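What follows is each chain in one-letter form.
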Amino acid sequence: EVSGAGSDDFTNIPIRGGEIKKGMTVYLKDKPCKAGNISISKTGKHGHAKARIEGIDIFTGKKYIDLTPTSHTCYRPRVEQLTYTLTDIDEEGMLSVMTEAGEMREDLNLPGEDSTDPELANKIQAAFDTADDNDLEVLVIVTKCKANKADADPIEKVTAFKAQPMEEEEPELDVSQMLPEETGFIAFAGSGNRLDGKKKRTNSETEIQSIDRKSVV
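Basis of the calculations
Residues numbered from 1 in each chain as written. Predicted model: local features only at pLDDT ≥ 70, side-chain atom pairs only at ≥ 80, totals over all residues. Heavy atoms only, no water. Helix = DSSP H or I, 4+ residues; strand = E, 2+ residues; numbered from the N terminus. Buried < 20%, exposed > 50% of the residue type's maximum accessible area, 1.4 Å probe, protein only. Contact = heavy atoms within 4.5 Å. Areas by Shrake-Rupley, 256 points an atom, 1.4 Å probe, with all protein chains shown as cover. Lys, Arg positive; Asp, Glu negative; His and termini not counted. Salt bridge = Lys/Arg side-chain N within 4 Å of Asp/Glu carboxyl O. Polar contact = N/O pair within 3.5 Å; in protein donor to acceptor, adjacent residues only side chain to side chain. Patch = residues over 30% accessible without salt bridge, like charges linked within 9 Å, V, L, I, M, F, W, Y side chains within 5 Å. Charge placed at Lys NZ, Arg CZ, Asp CG, Glu CD. Expected span 1.5 Å × (residues − 1). Arc of directions from axis to C-beta. Pairing = 2+ DSSP bridges. Axes fitted to C-alpha atoms, helices over the stretch in contact; angles between N-to-C directions. pLDDT = per-residue confidence, 0-100.

## Describing the overall build of the chain
And step 1. A count of helical and extended segments in the chain gives 2 helices and 12 strands.
And step 2. Counting from the amino terminus, the chain carries its helices and strands in the arrangement β-β-β-β-β-β-β-β-β-β-α-β-β-α.
And step 3. Here the chain holds 217 residues, and 29% of them are scored as buried.
And step 4. By sequence separation, contacts in the chain at least 24 residues apart represent 53% of the contacts at least 6 residues apart.
And step 5. Of the roughly 15600 Å² that the chain leaves accessible, carbon and sulfur atoms contribute 49%.

Written as structure tokens, this is what we have:
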């Protein structure tokens, strides 16, 4: 079970041997492994078919093979994968990383040669050294899981990374640009009926009324 929810529950998950599928993370020889090839033997004279499961340790890359009756209970680990922005690497390989909430962590190291990729540390260092010149940011992926089935607590290790373009900061919104332009009073010059139902006077009607008033005077 892989998630990034930040749960504190790392109890093992029971699963029958015959239900294990390729790609699942399961304990093989008590090590957390990503299952690969799986073969099921025919039911023997004792009535139990057996599953032969190959897998790769998610932390070390070491290959393990385990045999289990398909009806027996095996266990899966709980796995979390967390992503952080890499902000610094010191001379001893200690990382400074930032969470999505902007909090800093300084308790992670570059992966060692016993990781799934012996060159992973060099690749991360090279990507970080050139990130600013290429307007990139480096994200490290941290896997959190128990290293052995019987362990009480999980461990955390950097197991992957990726470089991506830096997010451009959005410009501050200028509210004044959203306001309408100030204008003086503009009389309505369109056509149509008045709100009181009366028709608008034409220029000729206005001139006639003006002449009539002068005649009366």
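## Topic: the side chain of Asp57
And step 1. Tracing the chain through its elements places Asp57 in strand β5 (residues 50–57).
And step 2. For the buried Asp57, no salt bridge exists, and the shortest N-O distance to an oppositely charged side chain is 5.5 Å, to Lys31.
And step 3. Side-chain polar atoms of Asp57 contact the backbone nitrogen of Phe59, separated by 2.7 Å.
And step 4. Within the structure, the side chain of Asp57 is placed 3.3 Å from the backbone nitrogen of Thr60, a separation counted as a polar contact.

## Quick notes on a negative patch on the surface
And step 1. Taken together, Asp88, Asp90, Glu91, Glu92 and Glu106 make up a surface patch of like negative charges.
And step 2. Of note, Asp90 is situated in the loop between β8 (79–89) and β9 (94–98).
And step 3. Given a relative accessible area of 35%, Asp90 falls into the partly exposed group.

## Side note on the environment of Ala147
And step 1. By the element assignment, Ala147 lies in the loop between β11 (136–145) and β12 (155–165).
And step 2. For the pair Ala147 and Tyr27, spaced 120 residues apart in sequence, the C-alpha separation works out to 9.6 Å.
And step 3. Setting aside its immediate chain neighbours within four residues, Ala147 contacts Asp30, Lys31, Pro32, Phe59 and Ile155.

## Things to note about helix α1 (residues 120–131)
And step 1. With 12 residues, α1 extends 16 Å between its outermost C-alpha atoms, agreeing within 8% with the 16 Å of an ideal straight helix rising 1.5 Å per residue.
And step 2. If you check which residues of α1 are buried, you get Leu120, Ala121, Ile124, Ala127 and Ala131. Down the axis of α1, the buried set is contained in an arc of 130 degrees. They therefore lie on one face.
And step 3. Where α1 is buried, its residues contact β8, β11 and β12.

## Things to note about the sheet that holds β5
And step 1. Overall, antiparallel pairing links the 4 strands, which are arranged β3-β4-β5-β6 in an open sheet. The sheet is open, and its two borders are formed by β3 (25–28) and β6 (63–69), each paired with just one other strand. On average, adjacent strands in this sheet sit at an angle of 50 degrees to one another, irrespective of strand direction.
And step 2. As judged from the 4 bridges shared by β3 and strand β4 (residues 31–40), these two strands associate in the antiparallel manner. Considered in β4, the bridge of Tyr27 is made with Pro32.

## Things to note about the pairing of β3
And step 1. Neither face of β3 is left uncovered, since the one carrying Thr25 and Tyr27 and the one carrying Val26 and Leu28 both have all their residues buried.
And step 2. The antiparallel pairing of β3 with β4 creates a hairpin that spans 2 residues between the two strands, and Lys29 there sits at a positive phi of about 55 degrees.

## A look at the pattern of salt bridges
And step 1. Tallied over the full model, the rule gives 8 salt bridges.
And step 2. The salt bridge involving Asp66 is made with Lys29; its shortest N-O contact spans 4.0 Å. On the criterion of sequence distance, the pair formed by Asp66 in strand β6 and Lys29 in the loop between β3 and β4 is long-range, its members being 37 residues apart.
And step 3. Its salt-bridge partner being Arg105, residue Asp107 comes within 3.0 Å of it at the nearest N-O pair.
And step 4. Among the charged side chains, a salt-bridge network with shared partners connects Arg52, Glu54 and Lys63.

## Observations concerning the confidence of the model for the chain
And step 1. When pLDDT is averaged along the chain, the result is 85, and 72% of the positions lie at 70 or above.
And step 2. Looking over the chain, one finds the lowest element-wise mean pLDDT in helix α2 (residues 203–216), namely 52, and the highest in β3, namely 98.

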